[in-house]
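# Examining the three-dimensional arrangement
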Amino acid sequence: MTTAILSALAEEQQGLLDLLQRPQCVTRAGREFWLGELHGQPVVLALSRIGKVAAATTATTLIEAFGARRLVFTGVAGGVGPGVQVGDVVVATEFVQHDMDASPIFPRYQIPLYGRERFACDEALLALLSGASRTGLIRLKAEFHAKPGVVHQGLIASGDRFVSAAEEARALHQALSEAGHPPLAVEMEGAAVAQVCHDYGLPFAAVRTISDRADDTAHVDFPKFVTEVASRYALAIIDEFVRRLPAR
Ligand code: SAH
């Protein structure tokens with residue numbers, strides 16, 4: 001069973017590419033897909049690119065052209081929930097689109113014609129990803145000689161916007177919370193991939209390392225984190241995750 005592993009940015013993917021056995025690169029829809037094996041599991045690695053539409057195209061291509069039967073996203077995000085700090089990890093239980101608003105025709109945040117605001121992640125996959133994240137963070141702690149980040153589990157909000165102002169992050173968190181969807185983190189792709197996987201009835205899970213607090217210093221914190229540590233987090237977590245997948 002082919003597992004797709006998506007990342008948004010090249011820096012998040014690099015460590016995984018280095019680990020890929022029997023790598024083969026195929027171009028489709030203007031994107032590069034890397035087929036190969038990780039610990040004996042057939043995988044395809046892809047960059048979602050940035051934003052919901054790009055991520056949906058990549059996810060659809062992974063399913064239709066490469067036969068992916070489960071999809072996992074690993075990337076970075078801005079922490080917006082209380083106590084969600086840079087260096088922590090959020091394993092998604094569900095996704096919401098914070099910029100979806102077809103009101104008053106449909107309730108705020110509801111995806112028109114789906115009758116729902118949230119898409120849930122696969123319980124078995126997210127449990128594996130949580131365990132892998134905890135072990136991965138302990139490995140990183142030894143590597144960096146630093147305090148390990150906390151592994152959180154909960155709702156992630158996606159939208160086509162890099163949130164980089166404290167007031168905006170606060171307002172976004174408050175509006176979503178008042179509607180019953182308090183998010184732990186904000187990013188730009190996960191909800192799109194979750195929706196595509198829902199359409200195809202395929203399991204999806206996602207893990208995001210917190211690169212910034214989506215506040216006034218996010219534009220400084222984000223690139224620093226991405227170049228210095230994002231790839232090592234993704235590698236440590238996915239390496240552990242793939243080892244835990246049931247044999248093919
Ligand atoms: N110019 C940047 C753009 C990155 S956009 C570059 O190419 O390097 C930020 C990426 O990280 C997206 O993939 C998004 O999912 C995630 N992300 C991290 N922090 C975020 C934040 N505060 N708001 C929204 N997305 C964030």
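Attention in this report is confined to the structure presented alongside it.

Conventions adopted
- Residues numbered from 1 in each chain as written.
- Predicted model: local features only at pLDDT ≥ 70, side-chain atom pairs only at ≥ 80, totals over all residues.
- Heavy atoms only, no water.
- Salt bridge = Lys/Arg side-chain N within 4 Å of Asp/Glu carboxyl O.
- Helix = DSSP H or I, 4+ residues; strand = E, 2+ residues; numbered from the N terminus.
- Buried < 20%, exposed > 50% of the residue type's maximum accessible area, 1.4 Å probe, protein only.
- Polar contact = N/O pair within 3.5 Å; in protein donor to acceptor, adjacent residues only side chain to side chain.
- Contact = heavy atoms within 4.5 Å.
- Pairing = 2+ DSSP bridges.
- Disulfide = S-S within 2.5 Å.
- Near = heavy atom within 4 Å.
- Areas by Shrake-Rupley, 256 points an atom, 1.4 Å probe, with all protein chains shown as cover.

## Examining the pattern of salt bridges
Taken as a whole and judged by the stated rule, the model has 13 salt bridges. Where Arg-139 meets Glu-240, a salt bridge forms, and the shortest distance between an N and an O atom there is 3.0 Å. Pair noted here: Arg-139 is in helix α3 (residues 123–144) and Glu-240 is in helix α6 (residues 218–244), with a separation of 101 residues, a long-range link. Residue classification places Glu-240 among the buried residues on the basis of a relative accessible area of 11%. Measuring nitrogen to oxygen at the nearest pair gives 3.4 Å for the salt bridge that ties Arg-244 to Glu-240. With a gap of four residues between them, Arg-244 and Glu-240 both fall in helix α6, about one helical turn apart. For Arg-244, a relative accessible area of 33% corresponds to the partly exposed category.

## Thoughts on the side chain of Lys-52
Following the sequence through the fold, Lys-52 ends up in helix α2 (residues 52–66). At a separation of 3.2 Å, a polar atom in the side chain of Lys-52 contacts the side chain of Gln-97. A polar contact of 2.7 Å, which involves the side chain of Lys-52, links it to the side chain of Asp-99.

## Brief notes about the environment of Gln-24
Tracing the backbone shows Gln-24 in strand β2 (residues 21–28). Residue class for Gln-24 comes out partly exposed when judged on its relative accessible area of 47%. On a C-alpha basis, the gap between Gln-24 and Val-44 in space is 9.3 Å, while along the polypeptide they are 20 residues apart. Beyond its immediate chain neighbours, meaning those up to four positions away, Gln-24 contacts Phe-33, Trp-34 and Leu-35.

## Focus: the pairing of strand β10 (residues 204–212)
A large share of β10 lies buried, amounting to nine of its nine residues. Pairing of strand β5 (residues 68–79) with β10 involves eight bridges; the strand directions are parallel. Within β10, the position partnered with Gly-78 by the bridge is Asp-212.

## Re the state of the cysteines
A full pass over the atoms with the stated rule returns zero disulfides. For the unlinked cysteine Cys-121, the closest cysteine sulfur is that of Cys-197, found at 9.0 Å. On the accessibility criterion, Cys-121 (7% relative accessible area) is buried.

## Some thoughts on the side chain of Ser-211
Position of Ser-211 among the secondary structure elements: in strand β10. Residue Ser-211 is classed as buried on the basis of its relative accessible area of 1%. Looking at Ser-211, its side chain comes within polar contact range of the side chain of Asp-212, at 2.8 Å. Not counting residues up to four positions away in its chain, the partners in contact with Ser-211 are Val-76, Ala-77, Val-86, Asp-221, Phe-222 and Phe-225.

## Observations concerning the site of the ligand
The environment of the ligand is formed by 17 residues, the closest being Val-163, Met-188, Glu-189, Arg-208 and Asp-212. Here a nitrogen atom of the ligand and a backbone polar atom of Val-163 are 2.9 Å apart. Within the side chain of Arg-208, a nitrogen or oxygen atom sits 3.2 Å from an oxygen atom of the ligand. In isolation the ligand exposes 570 Å². Once the protein is present, 77% of that is buried. At the level of elements, β5, β9 (185–187) and β10 are the ones that each hand at least two residues to the shell around the ligand.

Read these as layout, nothing more, since geometry by itself doesn't imply function.
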